[in-house]
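Given next are the chains, with one letter for each unit.
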Amino acid sequence: MSLIKIFKRLFCKHKNQYTVTNFYGDAINYFNCRSWRECEDCGKIIEGGLDKNCDRVNQWWYIK
Ligand SMILES: [Zn+2]
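Residues numbered from 1 in each chain as written. Predicted model: local features only at pLDDT ≥ 70, side-chain atom pairs only at ≥ 80, totals over all residues.

Peer 1: What is the right way to look at the environment of Trp 61 in this model?
Peer 2: Relative to the assigned elements, Trp 61 resides in the segment after strand S3 (45–48). In this structure Trp 61 comes out as exposed when scored by C-beta crowding, with 7 C-beta atoms within 10 Å. Remark: the alpha-carbon pair of Trp 61 and Thr 21, spanning 40 residues in sequence, is separated by 8.7 Å. (Helix = DSSP H or I, 4+ residues; strand = E, 2+ residues; numbered from the N terminus. Buried ≥ 20, exposed ≤ 12 C-beta atoms within 10 Å, placed from the backbone.)

Peer 1: Whenever I open this one, the sheet that holds strand S1 (residues 17–22) confuses me. Can you help?
Peer 2: Paired through backbone hydrogen bonds, the strands of a sheet run either parallel or antiparallel to each other. Spatially, S1-S2-S3 is the arrangement adopted by the 3 strands of the open sheet, whose pairing is antiparallel. The open sheet has two edge strands with one neighbour each: S1 and S3. If you compare each strand with its neighbour and ignore which way they point, the axes differ by 30° on average. Of the strand pairs in this sheet, S1 and strand S2 (residues 35–39) are connected by 5 bridges, and their pairing is antiparallel. Looking at S2, one finds that Asn 22 is bridged to Ser 35. (Pairing = 2+ DSSP bridges. Axes fitted to C-alpha atoms, helices over the stretch in contact; angles between N-to-C directions.)

Peer 1: Even after reading the chapter, I still don't get the pairing of S3, so can you show me in this structure?
Peer 2: Two faces, one strand: in a regular strand the side chains alternate between the faces of the sheet. In the sheet, S2 pairs with S3 via 4 bridges, with the strands oriented antiparallel. Bridge assignment links Trp 36 to a residue of S3, and that residue is Glu 47. Connecting S2 to the antiparallel partner S3 that follows it, the hairpin turn spans 5 residues, and Gly 43 within it adopts a positive phi of roughly 85°.

Peer 1: Where do I start with the environment of Ile 45 in this structure?
Peer 2: Take Ile 45: it is sitting in strand S3. With 28 residues separating them along the chain, Ile 45 and Gln 17 place their C-alpha atoms 9.3 Å apart. If sequence neighbours within four positions are ignored, Ile 45 has contacts with Trp 36 and Glu 38. (Contact = placed C-beta atoms within 7 Å.)

Have a look at this one:
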C-alpha cells in the first residue's frame, strides 16, 4: 500500500461506504460480524450489521 493511501485513511471519515457482503452461518463467527462494508475513498474494510439492501451473502471476495 502506498504512503498516500495510508495517509488518506488516517484522515478519512469513511463517508462513502458500500456493503461488500452480508454474512450468514459459520461466516458470521469466522469474520465476527454480520457484514463487511468498504470505504470507497480509502478502501478500509469496516465490520457492520446486517444490510437488508444487500443481496450478496458470504461473498467476501466481492471487493471493488
Ligand atoms: Zn475511508
